[in-house]
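Here is how the chains run, residue by residue.
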Amino acid sequence: MGRDRDPDRIPSAGYEMAPLAGLASLPLSSASSPLGSTRLLSESTLGAVVVYAIYQALLTALRTEAMVRRSQLDRGAQLRLIGSSVWGSMQDGAAIGLVLSLLLLIFPWLSLPLGVLGVVGLGKASLDLVHAFWDGLNEQQKRDLHEAAYAAGVNLNRLLQGDTQVRLDS
């Protein structure tokens, strides 16, 4: 699982969220659509939009926080950037959700492989969020976390592989 090392680039929600988005569904009231398959498509597409929007909002907010701390962005620009990236991600989520919900409507047995792929995708998404959070910390906070993890017997360098800026012996 690769990681984008550029802390100035805003990452976008990719295909790692597609399986989970395809399985997510937001229940609508029964009066909204009398037809079963149309209702299923609507609920699944709406669920995918919400999954993509939440993930993109977290990813962008964490990444832009590092830029705010380095005075590259102000809070207003940060909010505009979060809003625009979430809007684009919601459009992608709607398209992916609609396609996957159609596939699941035709081939319901695909929910099992999508569930397995969803777990893998959540693992990658979690790592991306951890890295975005880490990039938002200043050097003292990183050092404090390394020391606390070392005291607890956890090696953060394995999780944050390639990040050699902070060492306990420095």
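Small disclaimer: the values here were computed from a predicted structure and weren't measured.

Asks: What exactly am I supposed to notice about the overall build of the protein here?
Replies: Scanning the protein from terminus to terminus reveals 6 helices and 0 strands. Across the 170 residues that make up the protein, the buried fraction comes to 35%. Contacts in the protein between residues far apart in sequence, at least 24 positions, make up 70% of those at least 6 positions apart. For the protein, the computed accessible surface area is about 9800 Å², with 65% contributed by carbon and sulfur atoms.

Asks: Please explain the side chain of D128 as it appears in this structure.
Replies: Assignment of secondary structure puts D128 in helix α4 (residues 111-135). A polar atom in the side chain of D128 sits 2.8 Å from the side chain of K124.

Asks: Explain the nonpolar core here, please?
Replies: Inside soluble globular proteins, nonpolar side chains tend to come together where they are buried. In this structure, M17, A18, A21, V51, Y52, Y55 and I96 are the most contacted members of the largest nonpolar core, which totals 14 residues. The set of elements that each furnish at least two residues to this core consists of α1 (18-23), α2 (36-69), α3 (75-106) and α4. Per element, the largest residue contribution to this core is 5 residues, and it comes from α2. Among residues more than four places away in sequence, those in contact with A18 are Y52, I96 and L100. Listed in part, the 5 residues of the second largest apolar core include L137, A149, L156 and L160.

Asks: In this structure, what is going on with unusual backbone geometry? I would like to understand it.
Replies: Where the residue is not glycine, phi is negative for most of them; where a peptide bond is considered, it is trans in most cases. In this structure, S71 takes a positive phi of about 60° despite not being glycine. You can see S71 is positioned in the loop between α2 and α3.

Asks: So what exactly am I meant to see when it comes to the pattern of salt bridges here?
Replies: All told, the structure shown has 5 salt bridges when counted by the stated rule. Ionic pairing is found between E65 and R69, a salt bridge with its closest N-O pair at 3.6 Å. With E65 and R69 both in helix α2 and 4 residues apart, the pair spans about one turn of that helix. Residue class for R69 comes out partly exposed when judged on its relative accessible area of 45%. With a shortest N-O distance of 3.9 Å, E139 and K142 are connected by a salt bridge. Within this pair, E139 and its partner K142 are both found in helix α5 (residues 139-152), separated by 3 residues, close to a single helical turn.

Asks: Even after reading the chapter, I still don't get α3, so can you show me in this structure?
Replies: An α-helix turns once every 3.6 residues. As a result, residues three or four positions apart point the same way. A rise of 1.5 Å per residue sets the reference length of α3, with its 32 residues, at 46 Å; its end C-alpha atoms lie 46 Å apart and thus fit the reference within 8%. Considered for burial, the residues of α3 that qualify are A77, Q78, I82, S85, V86, S89, G93, I96, G97, L100, S101 and L104.

Procedures and definitions
- Residues numbered from 1 in each chain as written.
- Predicted model: local features only at pLDDT ≥ 70, side-chain atom pairs only at ≥ 80, totals over all residues.
- Heavy atoms only, no water.
- Helix = DSSP H or I, 4+ residues; strand = E, 2+ residues; numbered from the N terminus.
- Buried < 20%, exposed > 50% of the residue type's maximum accessible area, 1.4 Å probe, protein only.
- Contact = heavy atoms within 4.5 Å.
- Areas by Shrake-Rupley, 256 points an atom, 1.4 Å probe, with all protein chains shown as cover.
- Polar contact = N/O pair within 3.5 Å; in protein donor to acceptor, adjacent residues only side chain to side chain.
- Core = buried A, V, L, I, M, F, W, Y, C linked by side-chain atoms within 4.5 Å.
- Salt bridge = Lys/Arg side-chain N within 4 Å of Asp/Glu carboxyl O.
- Expected span 1.5 Å × (residues − 1).

Note that all results are geometric; they support no functional claim without further evidence.
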